[in-house]
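Architecture at a glance
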Amino acid sequence: MQVKELYADEALRIGSVMLEMSEEVKEADGSILVFLHKSVDGDCVGSACAAVSMLKNMGVPAKVAMPEKLPDNMAFLGVDDLLEYIADPSAEEITIDGKKVVKVMSVDCTEGSRMGDMGQIYDRFEDAVTVDHHEVTELRNDRKWIEPQASSACEMMFYVAKQTAEMLACDIREVLDKRAAMCLIAGIVTDTGRFTYTNTRSETLEAAGELMDLGGDIMAVCHNLFDKKTPQEFRISSQACLNTEFFADGKLAITTVSEQMFSDFGATKDDIGDVVSRLRDVEGVELAVVLRETGEGSVRANLRSKTSFDCSEFAGRFDGGGHKRAAGFTVSGKAMADLKDQVVKEASELL
Ligand SMILES: [Mn+2]
């Protein structure tokens, strides 16, 4: 089956599952929470906000269950009213706007273990509706659309919105408003690295084109998510680049960012977000790795590869995951220098 037809079928299926779910929730006078992964990015925030806004347009109270604060560079999306920060995820009954949460959805991730504290809530529901483009081997069922060929969860959500509008025989704007279009384009731009990664397909560009017509502003997204730099972001990322070491005949580039560096520069993890792709862009580099101390006694690794190295498989060795060209993992109870040595040794054998 052509990818496009596949998208259409699956998007239609999920659109009708969402409609069905919203009817059930209306009857129960309840609400829906939409979950996303920890270390939030443009794609999970964009697809979650679009899903919430679609559900609201279907007439049900819905919110995004945020595992952490929204990064400052996403403030331009203006989505604060769609986000819920749940102080006690272990509480027996979770309510939003006074309505009990009776159904859940997840976007850009499938497993509760990737959702931080919010996973405690998500894992209580067995019938979550899911839209995800990460490779997962299990956890598939007829309420989940998992499409590793899609560039982003946002691209998938766009096709869901499109098919839902078709099903309701209404204008897509009634399902997906201008703000939601902006959110979706933000995720597509993020996960395709502004349409430069190999996950950019013609379907991706078609979706982006239609989203532009619906009010999605690619220029605003690129400026806010990529080009705009605070002075501390500029300085710490430059320093991280300067500290880079090369191994395996220049095929492996690796740098580390310590807690000390973060405090010296007055910077946070969001300020080094683009370092790993800058390392990967260096001629001859196949695998780029950024290790950073999280401040919680663990070290986070971000991996990017250029053409052949399977980052997802490598991250799997450390209980992490992701995609072939971009993945990550977190290791606790190991010094960053030791983890670096281990990564250099094991990755060099594969390069
Ligand atoms: Mn994604």
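My aim in this report is to walk through the structure given alongside it, one point at a time. (Residues numbered from 1 in each chain as written. Predicted model: local features only at pLDDT ≥ 70, side-chain atom pairs only at ≥ 80, totals over all residues. Heavy atoms only, no water.)

1. Points about the sheet that holds strand β9 (residues 252–257)
Strands sit in the order β8-β9-β10-β11-β13-β12 across an open sheet of 6 strands; the sheet is mixed. With one partner strand each, in any of the chains shown, β8 (245–247) and β12 (321–322) form the two edges of the open sheet. Strands in contact with helix α13 (residues 336–350) are β8, β9, β10 (287–293), β11 (298–305) and β13 (326–332); relative to β9, the strand with the most contacts, it is inclined by about 170°. (Pairing = 2+ DSSP bridges. Helix = DSSP H or I, 4+ residues; strand = E, 2+ residues; numbered from the N terminus. Contact = heavy atoms within 4.5 Å. Axes fitted to C-alpha atoms, helices over the stretch in contact; angles between N-to-C directions.)

2. Let's talk about the pairing of β11
The element β11 is extensively covered by neighbouring structure, given that 6 of its 8 residues are classed as buried. Bridge count for β10 against β11 is 7 bridges, and the pairing is antiparallel. Across the sheet, R292 pairs through a bridge with R300, a residue of β11. Linking β10 to β11, which pair antiparallel, is a turn of 4 residues; within it G295 sits at a positive phi near 85°. Relative to β13, β11 is paired through 7 bridges, and the arrangement is antiparallel. Each bridged residue has a counterpart across the sheet, and for R300 the counterpart in β13 is T330. (Buried < 20%, exposed > 50% of the residue type's maximum accessible area, 1.4 Å probe, protein only.)

3. A short note on a nonpolar patch on the surface
Taken together, the side chains of L12, M167 and L168 make up a nonpolar region of the molecular surface, amounting to roughly 240 Å² of accessible area. Locating L168 in the fold gives a position in helix α4 (residues 153–168). Overall, the relative accessible area of 43% leaves L168 in the partly exposed class. (Patch = residues over 30% accessible without salt bridge, like charges linked within 9 Å, V, L, I, M, F, W, Y side chains within 5 Å. Areas by Shrake-Rupley, 256 points an atom, 1.4 Å probe, with all protein chains shown as cover. Salt bridge = Lys/Arg side-chain N within 4 Å of Asp/Glu carboxyl O.)

4. As for α13
Relative to the 21 Å expected for 15 residues at 1.5 Å per residue, α13 spans 21 Å between its end C-alpha atoms, a close match to the ideal helical length. Buried within α13 are the following residues: M336, L339, K340, V343, V344, E346 and A347. Where α13 is buried, its residues touch β8, β9, β10, β11, α12 (311–316) and β13. (Expected span 1.5 Å × (residues − 1).)

5. Some points on the coordination of the manganese ion
Coordination of the manganese ion by the protein involves D43 (OD), D108 (OD), H133 (NE2) and D191 (OD), with metal-donor separations of 2.1 to 2.4 Å. Donor residues for the manganese ion, ordered by position in the chain, follow D-x64-D-x24-H-x57-D. Here H133 lies in the loop between β6 (129–132) and β7 (144–146) and D108 lies in the loop between β5 (99–107) and α3 (119–122), a separation of 25 residues in the sequence. Both residues of the pair, D108 and H133, count as buried. (Donors = N, O, S within 2.8 Å, 3.2 Å for Na, K, Ca; no water.)

6. What to know about the side chain of T255
Positionally, T255 belongs in strand β9. A residue is classified by how much of its surface remains accessible, and T255, at 2% relative accessible area, is buried. Separated by 2.8 Å, the side chain of T255 and the backbone oxygen of A240 make a polar contact. Ignoring anything within four residues of it in the chain, the contact list for T255 reads A240, N243, T244, V275, L279, V289, V290 and L291. (Polar contact = N/O pair within 3.5 Å; in protein donor to acceptor, adjacent residues only side chain to side chain.)

That's the geometry; what it means functionally is another story.
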